[in-house]
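Architecture and fold: a report
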Amino acid sequence: MPTSKNIEREDKKLVLIPSSIVRKLYSLAAKSNESPSIYIAKILDESLRVLESGGSMKDLVDFYFLANTLRKSGAVILPGELFQYLLSKVYPDNSEDLKKVAFEAGQWVGKYLAAKSLECSAEETLKSVLPMYMWDVSELYINCDGPSIKIRCISPTHSIERSELLASFLEGMVSALGYALNGREVYRGVISLDFTKKQ
C-alpha cells in the first residue's frame, strides 16, 4: 500500500472523473482524516491488487457484501470434511429439526438481502449472491422466467444429508424474496427446486 510520503513524491497525472463521484470521495476522505489525493490513491492501489490477481471490482464488492452478510447472520466457516462428519453424527436422529433450522437460516439471509437490495429484483439478487454463497457447488443454474424461478445445483462431493440441508436453506432464502416452492427433488449431490411468485 502506498504511504503518504511516497504518494507526495511520485509524479501526478490528471484523470477526469465525474464530479458526483469526486464529491463522495472528498466526503469519505474527510471522514478518514486523509487528504483526498492520498485517500483516492489508496483506494486505487487496493483495487489494482484485486485486478492484478485476476479478480474484478464486482468480485470485490460482492465478496464484501457476502462476508458482511455471513458475519451478521452468525455464520461459522468450517472445513467441509469436519462439517460432513458432524452432520453424519447428528442428521439421522434430527433430520427434520435440522431442515427446519436450515430453512429459517435461509429465510433470515433472504430477508436481509431483500432489505439491502431494495433496487434489485429477486433474480438479480439470487444471480449475484448464490454463486459466491455456494462456492463448493460444481454447477449452479438459476433460471428466472416471469413469475417462476428454477434453481439447479450439482455437486458430486455433497452427501444426501448436505444436499437436503442446502435445499432447505435455498427454500427459505427464495421464500423470503416472495416466492413459493412448487417443485422439489433432492438426491445426493443434486438439487432441483421450482418456485412461483406469491400472489
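The name an unreviewed UniProt entry gives the protein is 4-vinyl reductase 4VR domain-containing protein, with Thermoproteota archaeon as the organism.

1. Comments concerning the overall build of the protein
For the protein, the count of helices and strands is 7 helices and 4 strands. Starting at the N terminus and ending at the C terminus, the protein contains elements arranged as α-α-α-α-α-α-β-β-α-β-β. Against the compact-globule benchmark of 16 Å for 199 residues, the protein has a radius of gyration of 21 Å, which places it well outside the compact range. With the C-alpha coordinates aligned to their principal axes, the bounding extent of the protein is approximately 65 × 40 × 25 Å. When burial is assessed residue by residue, the protein has 33% of its 199 residues classed as buried. Taking contacts inside the protein between residues at least 6 apart in sequence as the whole, the part at least 24 apart equals 58%. On the protein, roughly 12,900 Å² of surface is accessible, and the fraction owed to carbon and sulfur atoms is 57%. Put simply, the protein has 25 plus and 25 minus side-chain charges, and the middle of one group is 6 Å from the middle of the other.

2. Remarks on the packing of aromatic side chains
A complete count under the given rule lists 1 aromatic pair for this structure. Between the aromatic rings of Trp 108 and Tyr 112, the centroid separation amounts to 5.2 Å while the plane-to-plane angle is 10 degrees, which identifies the pairing as stacked. One end of the pair is Trp 108 and the other is Tyr 112, both in helix α5 (residues 80-116) and 4 residues apart, which spans about a single turn.

3. Details of the packing of α5 against helix α7 (residues 160-176)
Direction vectors running N to C along α5 and α7 enclose 10 degrees, while the axes themselves pass 6 Å from each other. Taken together, the axis directions place α5 and α7 in an arrangement best described as roughly parallel.

4. Notes on the sheet that holds strand β2 (residues 148-154)
Within the open sheet, the 4 strands sit side by side as β1-β2-β4-β3. Their pairing is antiparallel. Across the chains shown, the open sheet's two edge strands, defined by having one partner strand only, are β1 (139-145) and β3 (179-187). Strand after strand, the sheet turns through a mean of 10 degrees between neighbouring axes, direction not considered. Across 8 bridges, the pairing between β3 and strand β4 (residues 190-197) is antiparallel. Residue pairing across strands places Arg 184 opposite Leu 193, the latter belonging to β4.

The rules behind the values
Residues numbered from 1 in each chain as written. Predicted model: local features only at pLDDT ≥ 70, side-chain atom pairs only at ≥ 80, totals over all residues. Heavy atoms only, no water. Helix = DSSP H or I, 4+ residues; strand = E, 2+ residues; numbered from the N terminus. Rg over C-alpha atoms; globule rule 2.2 N^0.38 Å. Buried < 20%, exposed > 50% of the residue type's maximum accessible area, 1.4 Å probe, protein only. Contact = heavy atoms within 4.5 Å. Areas by Shrake-Rupley, 256 points an atom, 1.4 Å probe, with all protein chains shown as cover. Lys, Arg positive; Asp, Glu negative; His and termini not counted. Charge placed at Lys NZ, Arg CZ, Asp CG, Glu CD. Phe/Tyr/Trp six-rings, centres within 6.5 Å; stacked < 30°, edge-to-face > 60°. Axes fitted to C-alpha atoms, helices over the stretch in contact; angles between N-to-C directions. Parallel < 35°, antiparallel > 145°, perpendicular 65-115°, else oblique. Pairing = 2+ DSSP bridges.

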